Amino acid sequence: MHTIKALIITLLGFTIMSCGNDDKEKTNLSITTNAKTNVFALGETAKLSIENPKGLDISSVTYKMNGEVIDDTVQLDDEKLGVHNISATVKFGESSEDITTKITILNNEVPKIYGYKIINTYPHDITSYTQGLEFYKGELYESTGQYGESKLRKVDYKSGEVLQNINLSRQYFAEGLTVFNDRIYQLTWQENIGFIYDVNTFEKTSSFKYGKSKEGWGICNDGKHIYKSDGTEQIWLLNPETLAEESKLQVYTNKGKIIGLNELEYINGKIYANRYQKNGVAIINPNNGAIEGVIDFSPLHKLVTQHQGLDVINGIAYNPDTKTIFVTGKRWDKLFEVEVFEK
């Protein structure tokens with residue numbers, strides 16, 4: 001397992017101007033918490049207060065977290081992990097000010113370590129720069145990347161035979177894919193566009209633009225929601241009809257954020273995510289973004305044909321029929337069927 005570096009939180013100082021103070025003097029009001037560097041673990045209690053160095057006669061304080069009104073004491077049991085905005089409207093005399101700070105919520109448990117057992121090994125196209133892999137109604141679908149090489153495929157996973165294939169235009173670098181309600185959703189990397197295809201005909205029916213996420217990396221669905229990664233610690237929840245980014249997860253451990261989240265797969269209530277340039281997979285709680293487990297697949301890299309273009313693992317698919325996981329990588333000549341277990 002790769003060492004997870006601790007996140008160092010640097011708080012920014014704010015220059016706050018009084019809304020109702022004609023001479024615009026600084027009041028130096030600020031929000032303080034009971035945690036050093038404003039970092040909390042899930043389950044802890046955050047206590048908020050106002051630093052008032054000038055001794056202003058404060059009549060009321062209204063606190064908000066991410067725009068929602070909260071008390072000055074917050075039990076952090078069911079919050080999403082990551083960075084949260086804390087604001088306070090402070091009233092004193094005839095004036096009021098809005099001041100802000102941030103807190104970070106980490107997971108309160110160390111990720112569990114998982115192992116795996118190889119059940120079967122199947123052939124895989126050694127030229128495929130695998131970006132996305134997913135089973136749908138017993139069929140395996142694959143998205144491959146690189147400019148001039150990007151493809152969408154349906155593959156017979158046992159033989160490696162390509163059953164359907166379309167090549168993307170050279171201007172697109174394909175990334176992850178997911179299949180939802182007989183539609184294939186395929187991302188592109190930096191082109192800020194995703195494509196939608198009919199799963200039966202491979203006809204491109206429409207496309208969609210990204211929102212705040214600037215890049216497309218991985219994508220999966222749980223039958224109700226679509227999840228999209230962008231190479232950071234963020235996973236975006238997309239409206240399945242409009243594809244608008246409605247909310248997001250921030251993926252954290254008990255030490256800090258984990259960036260480089262790439263190919264995604266939804267498996268039995270959890271999001272499995274390849275990490276870019278790593279041969280491991282993170283198991284993520286989709287409710288709060290906590291990494292609950294880690295699988296080290298690096299030994300698989302040694303079991304495929306070694307060649308100049310060989311790259312890291314990047315392709316994980318769950319087959320509901322066999323209840324097993326399938327794993328491959330960029331320009332790997334093998335597809336591995338594995339069972340995963342907690343060590």
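Going by the structure above, here's the rest.
What counts as what
Residues numbered from 1 in each chain as written. Predicted model: local features only at pLDDT ≥ 70, side-chain atom pairs only at ≥ 80, totals over all residues. Heavy atoms only, no water. Pairing = 2+ DSSP bridges. Helix = DSSP H or I, 4+ residues; strand = E, 2+ residues; numbered from the N terminus. Axes fitted to C-alpha atoms, helices over the stretch in contact; angles between N-to-C directions. Buried < 20%, exposed > 50% of the residue type's maximum accessible area, 1.4 Å probe, protein only. Contact = heavy atoms within 4.5 Å. Phe/Tyr/Trp six-rings, centres within 6.5 Å; stacked < 30°, edge-to-face > 60°. Lys NZ or Arg CZ within 6 Å of the ring centre and 35° of its normal. Salt bridge = Lys/Arg side-chain N within 4 Å of Asp/Glu carboxyl O.

A. Highlighting the sheet that holds strand β9 (residues 112-123). Strand order in this open sheet of eight strands is β22-β23-β24-β25-β9-β28-β27-β26, and the pairing throughout is mixed. Both outer strands of the open sheet, β22 (261-267) and β26 (313-319), are each paired with one neighbouring strand and no more. Taking the axes of each pair of neighbouring strands and ignoring which way they run, one obtains an average angle of 30 degrees across the sheet. Bridge count between strand β24 (residues 280-284) and strand β25 (residues 291-296): five bridges; the pairing is antiparallel. Considered in β25, the bridge of Val281 is made with Ile295.

B. A look at unusual backbone geometry. Unusually for a residue other than glycine, Asn181 sits at a positive phi of about 50 degrees. Inspection of the secondary structure puts Asn181 in the loop between β14 (174-180) and β15 (183-188). Here Asn192, not a glycine, exhibits a phi torsion of approximately 60 degrees, which is positive. Among the structural elements, Asn192 can be located in the loop between β15 and β16 (193-198).

C. Structural detail: the environment of Ala282. Relative to the helices and strands, Ala282 resides in strand β24. Exposure remark for Ala282: the relative accessible area of 3% places this residue in the buried category. In this structure the C-alpha to C-alpha distance between Ala282 and Gly67, which are 215 residues apart in sequence, comes to 30 Å. If we ignore the near neighbours within four places in the chain, the residues touching Ala282 are Ile271, Tyr272, Ala273, Ile291 and Gly293.

D. A look at the packing of aromatic side chains. Enumeration according to the criterion identifies 15 aromatic pairs in this entry. For the ring pair Tyr129 and Phe173, a centre distance of 6.3 Å and an interplane angle of 85 degrees mean the geometry is edge-to-face. With Tyr129 in the loop between β9 and β10 (130-136) and Phe173 in the loop between β13 (162-167) and β14, this residue pair connects regions lying 44 residues apart in the sequence. An angle of 55 degrees between the planes, with centres 6.3 Å apart, marks the rings of Phe208 and Tyr210 as tilted. Aromatic rings pair up to connect Tyr122, Phe135, Tyr157 and Phe326 into one cluster. The side chain of Lys204 reaches across the aromatic face of Phe195, ending 4.0 Å from its centre.

E. Just the sheet that holds strand β19 (residues 226-229), in detail. Across the sheet, four strands lie side by side as β18-β19-β20-β21; this open sheet has antiparallel pairing. Unpaired on one side and paired on the other, β18 (219-221) and β21 (245-250) mark the two borders of the sheet. Across the sheet, the mean angle from the axis of one strand to that of its neighbour is 25 degrees, orientation sign disregarded. Relative to β21, strand β20 (residues 234-238) runs antiparallel, the two being bridged by five bridges. Bridge pairing in β21 links Leu237 to Ser247.

F. Spotlight on the environment of Tyr197. Turning to its location among the elements, Tyr197 is positioned in strand β16. A relative accessible area of 1% means that Tyr197 is categorised as buried. Here the alpha-carbon distance between Tyr197 and Leu152, two residues 45 residues apart in the chain, equals 9.7 Å. Other than its neighbours up to four places away in sequence, Tyr197 contacts Leu152, Ile166, Leu168, Asp182, Arg183, Ile184, Gln186, Phe202, Glu203, Lys204 and Thr205.

G. Here's a closer look at the pattern of salt bridges. Tallied over the entire structure, the rule returns five salt bridges. Close ionic contact of Arg153 with Asp125 constitutes a salt bridge, the shortest N to O distance being 2.8 Å. A residue pair is termed long-range when its members are at least 10 positions apart, and Arg153 in strand β12 (residues 151-155) and Asp125 in the loop between β9 and β10 qualify at 28 residues.

Without other data, these values stay purely geometric and don't point to any function.
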